[in-house]
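# Survey of secondary and tertiary structure
Residues per chain, in single letters:
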Amino acid sequence: MTYLKTLISMIFILSLFVNHVNAGILMVSSDESLQGEGGVSIIKTYMDKNKMRVESGENEVVIYHQDKGVFWALDNKAKTYTEMTKDDIKAMKSQMDEAMKRMQDQMKDLPPEQRQMVEEMMKGKMQSEPAKTTFNKVASKVKVNQWTTDKYEGHRQGSLEKEVWSADMDELGLDDESLQVMTGLSEFFKELSPDSNAVLKPGSKEWEKEMGYAGIPVKSIDYRDGQKTGITEIKEISKQDFPASMFEIPAGYKKMANPQMR
């Protein structure tokens, strides 16, 4: 009898451990616009192994399956959804390349003066891209919600552009595996912007080198001309078990053509 009780206790403890390891991650954040009419959006991100769901309010939902290589965008109000696969991404990239080639071919037929004007406009636009923001750590052990963070200030051409409060993954209770699907989603869309560094692993040395600060941003404030324009903040990170249905298309939803595909 004692052996049976001990075995049952061990199974119970093991089940708690397994549930803890396999639990998904819920991240709740707020995105506040301080321009125009302003407003605050609550964003809920659910990550479970190789699946991810992001809810922006009650109506807009996106679901990503890393294993299937599929991305869905749901409209809960209309009960419709669109689908995008890696083949669709390649087709979109091909369309973009063809459009660029057509523009270049059309420029060849322009009179020399007009062609030079267009080329100078395009060159000026490329040169007008803003300089990179440089970050410096200005404070340590700053409390943001339940997390201890480091504060950074980002300046661009002498002006304050961004404040960031960041924490390492241990502080947030995360690890590389927790964010694998998020990195996978960035990789999914990378072909549309091959020069993008969005696929850098959050919190890694490569991330720190490119972004200019260490850790994962818990809170950030954007500035323009010395005025705050927006505040983004993580409010909650918790481990939970999610039903499989949360990462599937609800029954009765109608598939629509992707407007970005022609």
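Look a little higher up for the structure.
A brief look at the structure comes next. Owing to the predicted nature of the structure, the values given are computational and were not obtained by experimental measurement.

## Brief notes about a negative patch on the surface
Taken together, the side chains of Asp168, Asp170, Glu171, Asp175 and Glu177 define an acidic patch exposed on the protein surface. Checked against the element boundaries, Asp170 lands in helix H4 (residues 169-172).

## Things to note about the nonpolar core
Met47, Met52, Tyr64, Leu172, Leu174, Val218 and Ile237 are the most contacted members of the largest nonpolar core, which totals 28 residues. Looking at this core, the elements with two or more residues in it are strand S1 (24-33), strand S3 (51-56), helix H2 (86-108), strand S9 (159-167), H4, helix H5 (180-188), strand S10 (216-224) and strand S11 (227-240). Tallying contributions element by element places S10 first for this core, with 4 residues. If sequence neighbours within four positions are ignored, Ile237 has contacts with Ile25, Leu26, Met27, Trp147, Leu172 and Leu174. Among the nonpolar cores identified, the runner-up in size contains 13 residues, and Leu74, Tyr81, Met246 and Phe247 belong to it.

## Structural notes on the packing of aromatic side chains
One pair of aromatic rings is described through two measures. These are the centre distance and the angle between the planes. Enumeration according to the criterion identifies 5 aromatic pairs in this entry. Between Phe242 and Phe247, the ring centres sit 6.3 Å apart and the planes meet at 65 degrees, which makes this aromatic pair edge-to-face. For the pair shown, Phe242 and Phe247 are each scored as buried. The ring of Phe247 carries Lys51 above its face, with NZ or CZ at 6.0 Å from the centroid. For the cation-ring pair, Lys219 lies above Trp165, with the distance from its terminal atom to the ring centre recorded as 5.1 Å.

## Things to note about unusual backbone geometry
The backbone phi angle of Lys49 is positive, close to 55 degrees, even though this residue is not glycine. Positionally, Lys49 belongs in the loop between strand S2 (39-48) and S3. For Lys49, a relative accessible area of 58% gives the class exposed. Phi at Lys79 is positive, roughly 55 degrees, even though this residue is not glycine. Among the residues examined, Lys79 registers a relative accessible area of 46% and is labelled partly exposed.

## What about the pairing of S11?
Looking at chain direction, S1 and S11 are connected through 10 bridges and run antiparallel. Opposite Met27, over in S11, you have Ile237 as the bridge partner. With 6 bridges joining them, S10 and S11 adopt antiparallel strand pairing. Bridge pairing links Ile221 to Ile231 in S11.

## Quick look at the layout of surface pockets
Counted as a void, the largest pocket has a volume near 810 Å³. Lining the largest pocket are 30 residues; nearest its centre among them are Met27, Met182, Trp207, Ile216 and Pro217. Of all the elements in the fold, those that place two or more residues in the lining of the largest pocket are S1, S2, S3, H5, helix H6 (205-211), S10 and S11. Residue classes in the lining of the largest pocket are distributed as 20 nonpolar, 6 polar and 4 charged.

## Digging into the sheet that holds S10
Note on sheets: strands pair through backbone hydrogen bonds, and any given pair is parallel or antiparallel. Pairing is mixed across the open sheet formed by 12 strands, whose spatial order is S7-S8-S9-S10-S11-S1-S2-S3-S4-S5-S6-S12. The open sheet has two free edges, formed respectively by strand S7 (134-144) and strand S12 (254-255), since each of these has just one partner strand. Looking at chain direction, S7 and strand S8 (residues 147-156) are connected through 8 bridges and run antiparallel. By the bridge assignment, Asn136 is partnered in S8 with Glu153.

## Structural notes on H5
All of the buried residues along H5 are Val181, Gly184, Leu185 and Phe188. Along the long axis of H5, the arc covered by the buried residues comes to 100 degrees, so they all point the same way. Buried residues in H5 make contact with S2, S3, strand S4 (60-65), strand S5 (70-75), strand S6 (80-85) and H2.

## So, the pattern of salt bridges
Within this structure, the stated rule accounts for 9 salt bridges. Between Glu210 and Lys132 there is a salt bridge, with its nearest N and O atoms 3.9 Å apart. Of this pair, Glu210 sits in helix H6 while Lys132 sits in the loop between helix H3 (112-127) and S7; the two residues are 78 residues apart in sequence, bridging distant segments of the chain.

## Some remarks on the environment of Arg156
Secondary-structure assignment places Arg156 in strand S8. Along the chain, Arg156 and Thr133 lie 23 residues apart, while their C-alpha atoms are 4.7 Å from each other. Within the local environment of Arg156, its side chain forms a polar contact with the side chain of Thr133, the two groups lying 3.1 Å apart.

Conventions we followed
Residues numbered from 1 in each chain as written. Predicted model: local features only at pLDDT ≥ 70, side-chain atom pairs only at ≥ 80, totals over all residues. Heavy atoms only, no water. Patch = residues over 30% accessible without salt bridge, like charges linked within 9 Å, V, L, I, M, F, W, Y side chains within 5 Å. Areas by Shrake-Rupley, 256 points an atom, 1.4 Å probe, with all protein chains shown as cover. Salt bridge = Lys/Arg side-chain N within 4 Å of Asp/Glu carboxyl O. Lys, Arg positive; Asp, Glu negative; His and termini not counted. Charge placed at Lys NZ, Arg CZ, Asp CG, Glu CD. Helix = DSSP H or I, 4+ residues; strand = E, 2+ residues; numbered from the N terminus. Core = buried A, V, L, I, M, F, W, Y, C linked by side-chain atoms within 4.5 Å. Buried < 20%, exposed > 50% of the residue type's maximum accessible area, 1.4 Å probe, protein only. Contact = heavy atoms within 4.5 Å. Phe/Tyr/Trp six-rings, centres within 6.5 Å; stacked < 30°, edge-to-face > 60°. Lys NZ or Arg CZ within 6 Å of the ring centre and 35° of its normal. Pairing = 2+ DSSP bridges. 1 Å grid on protein atoms, 1.4 Å probe; cavity = no way out; pocket = protein on both sides within 12 Å on 5 of 7 lines; lining within 4 Å. Points joined across faces, edges and corners; volume = space filled by probe spheres on them. Nonpolar A, V, L, I, M, F, W, Y, C, P; charged D, E, K, R; others polar. Arc of directions from axis to C-beta. Polar contact = N/O pair within 3.5 Å; in protein donor to acceptor, adjacent residues only side chain to side chain.

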